[in-house]
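What the coordinates show
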Amino acid sequence: MDETLLASSSLAWIVFNKFKTERDEPIEFVEHRWAIDYLTDNHPHKVSPKAAQAGMTVLEFMDDFHLVGMRGMEVAHTFHTTDILQKIVRPKVNPLINNNPIIKAMMTVDSEGLKGFGKSFLHIIGANAESQAISFSADVLKIDEKDRSNPIVVEMLESRLKHSKYKWVREFSNPSAMGVGVDASWKRSDMRHWFVRCSHCNHFWYIDFEPSADLNHYVDRERRIYACGKCKRELHNRDRINGEWVAKYPSHDGIHGYWISQLMCAWISAGEICDDFDDKSIEYFHNFVLGKAYTPTDMFVSREAILRACAPSNIARSRVAIGVDQDAGGQYYVALTAQGVFDYGYVDSWDKIEHLKLMYNAVVVCDPNPYSAIPKQMAGKYSDWYLCYFKILDGLSAIQWKDKEQVVYADRTRVIDIVANEIVNTRLLFRQRPQELEKMIGHWDNIYRTTEEKEDGRVRSVWMKKEGKQSDYPFALTYARIGLTQLLGGNSELLEPKAQNDVPMTNITADGNNLKVDFSGILKDTYEAMDE
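Keep in mind the model is a prediction, meaning the values are calculated, not measured.

1. Considering the sheet that holds strand β8 (residues 192-197)
- Strand order across the open sheet formed by 3 strands is β9-β8-β12, with antiparallel pairing between neighbours. The two strands at the open ends of the sheet, each matched to only one other strand, are β9 (204-206) and β12 (244-247). Within the sheet, the average angular offset between the axes of one strand and its neighbour, ignoring direction, is 45°.
- As paired strands, β8 and β9 are joined by 3 bridges and run antiparallel to one another. Bridging from a neighbouring strand, F195 pairs with Y206 of β9.

2. Topic: the confidence of the model for the chain
- Here the chain averages 86 in pLDDT, while 85% of its residues score no lower than 70.
- Every residue in residues 490-532 scores below 50 in pLDDT, and together they form 110 contacts with partners more than four places removed in sequence or on other chains.

3. Regarding the packing of aromatic side chains
- Inspection of the entire model under this criterion finds 28 aromatic pairs.
- Ring centres of Y206 and W259 lie 6.1 Å apart, and the angle between their planes is 80°; on these two criteria the pair is classed as edge-to-face. Of this pair, Y206 sits in strand β9 while W259 is found in the loop between β13 (256-257) and α10 (270-279), placing the two residues 53 residues apart along the sequence. The pair formed by Y206 and W259 is uniform in burial state, with each residue classed as buried.

4. Notes on the packing of helix α2 (residues 10-17) against helix α4 (residues 56-69)
- Interhelical geometry of α2 versus α4 gives an angle of 100° and a closest axis separation of 9 Å. Considering their axes alone, α2 and α4 lie roughly perpendicular with respect to each other. Of α4, the residues touching α2 (which contributes S10, W13 and I14) are M62, D63, F65 and H66.

Thresholds, definitions, all that
Residues numbered from 1 in each chain as written. Predicted model: local features only at pLDDT ≥ 70, side-chain atom pairs only at ≥ 80, totals over all residues. Heavy atoms only, no water. Pairing = 2+ DSSP bridges. Helix = DSSP H or I, 4+ residues; strand = E, 2+ residues; numbered from the N terminus. Axes fitted to C-alpha atoms, helices over the stretch in contact; angles between N-to-C directions. pLDDT = per-residue confidence, 0-100. Contact = heavy atoms within 4.5 Å. Phe/Tyr/Trp six-rings, centres within 6.5 Å; stacked < 30°, edge-to-face > 60°. Buried < 20%, exposed > 50% of the residue type's maximum accessible area, 1.4 Å probe, protein only. Parallel < 35°, antiparallel > 145°, perpendicular 65-115°, else oblique.

Take a look at the structure:
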């Protein structure tokens, strides 16, 4: 075979050398035909929301060896776990090398986290601790299981591409919540779907789990078959194998997106898909079988959740943050420290809010609308009084501080998500007695999280208020939570007094005027389930 082709194409290199998997089985592209276009696509930025057991990690590692060994590129391949040695290198990477003598012969360095091919290296890195983002340069960054990784570390690793002429990024992960991690990148991509042609009626569309008005192919749960969306007859395995990638948004060429679900894997039957639907949680089924992000259609902070987070205690009133939401008659406020919420209420003048600020020497974050005159006066009077404005923020930032203007911009959905999840997971505590929380409970009952579809077909999550109902305390609490991040500095963590050394909560870290959010606390249960 032409050496130029072998050097330029990882697919040709794998096929020509008849490479094997870590299980010593041939790597084949008959049932994995969908991987052909993916491997031959050298677009600078590719993203793949993927199902479990699709074989992506093995293919990506073979591509790593090709990029480093045949093209002389520096590759950083990251994983969510810090235990790279036990969970990745020994059970998967080293057997891939040992089962393929050609690759082994090319290597000049073979340590656990560093594989050298001449002057180029493959760096295998954990993406959960900032200490893992050591100083090195890379041409390609592969973010394996992005949704389980620390986004702060991932962002640090992305900076290692700055001096490269390539700057290639590969994101692939079992998705988690909508708009988070790999799903956020997927929604900015051209969204390629694996289109399948029915051998009975010639209908050409992709496979999803449920039938729809679009006449997509689907899983018929009653007959336990893959069914054509048009003629309803059974799709054969050869139909699913002989598909092709079709972009939903061809003009979104900045990122090439490949949705990889178990529905396109010829070795997985419709009956197995039906069993998973019956036996697994809805979140698991979406994330790990369909390869789709999932957020419950309706999410809210219930009475039970707030009462579970109730831990009455007379905590110290030091390093206090106060959040304020206003209406025509007065101001709703919430006061908290790193130990939790100790006071909330409604007052009829800004003078009383000022009194609370002075009494506790507190940072104040307030809603300047609809009456902004006095909040702006207070911001002019006190250097630690901030006006908060909601706006959609790009990237990982949930909050942006403008200290000189004493303004903070917050992504409405993200910051309320953080507060809600901290309450639900008892990471944000209420220090009052249960009977003192009734108004707080009532207001949280009037706000809920749902999804809405935009005109271009994309879906986003949003917190909605129930019509004609009050929901001021959740917003006041959110403002206070934002204020606490400013008060405590770069790492703001709501500590549980009995577990000061083990802080299981959302991590928000500062980088200049930006705050970055690690959603790993929010998605902890999903991550642990996958580790098991």
